[in-house]
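Structural overview for review
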Amino acid sequence: MKEIIIKDKRKYLTRNYPFEDLPKLTDKKLCIHCNEIITVGDYKVYQTEDGEKLICCPNAPECDGTVIDWFRLD
Ligand SMILES: [Zn+2]
């Protein structure tokens, strides 16, 4: 997978976030793949070989978690 550099992270997240409760870029979430607390705005975007773009854990590529693996802290 190759990393896509996102210039406007807020706009990209707003357009591509797969769930209804859009988080703020400053929100903290738990990534259950690397088991670390991550800041939403640090997300990375990777493009798969078939062209799909995934919102990935800030710890990618070491962590293979994506946005669906992030859980609320409370
Ligand atoms: Zn992770």
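About the thresholds
- Residues numbered from 1 in each chain as written.
- Predicted model: local features only at pLDDT ≥ 70, side-chain atom pairs only at ≥ 80, totals over all residues.
- Heavy atoms only, no water.
- Pairing = 2+ DSSP bridges.
- Helix = DSSP H or I, 4+ residues; strand = E, 2+ residues; numbered from the N terminus.
- Donors = N, O, S within 2.8 Å, 3.2 Å for Na, K, Ca; no water.
- Tetrahedral: all angles 85-135°; square planar, octahedral: opposite > 155°, others 65-115°.
- Buried < 20%, exposed > 50% of the residue type's maximum accessible area, 1.4 Å probe, protein only.

Here's the deal with the sheet that holds strand β6 (residues 70–71)
With antiparallel pairing, the 3 strands of this open sheet are ordered in space as β3-β2-β6. Whereas interior strands pair on both sides, the edge strands pair on one side only; in this sheet they are β3 (36–39) and β6. Note: strand β2 (residues 28–31) against β3, 4 bridges, orientation antiparallel. Bridge pairing in β3 links Lys29 to Ile38.

Points about the coordination of the zinc ion
Coordination of the zinc ion by the protein comes from Cys31 (SG), Cys34 (SG), Cys57 (SG) and Cys63 (SG), over a distance range of 2.3 Å. In this structure, the zinc ion is surrounded by 4 donor atoms whose angles at the metal cover 106 to 112 degrees, and the resulting shape is tetrahedral. Counting residues between consecutive donors of the zinc ion along the chain gives the motif C-x2-C-x22-C-x5-C. Of this pair, Cys31 sits in strand β2 while Cys57 sits in the loop between β5 (53–56) and β6, and the two are 26 residues apart along the sequence. On the accessibility criterion, Cys57 (0% relative accessible area) is buried.

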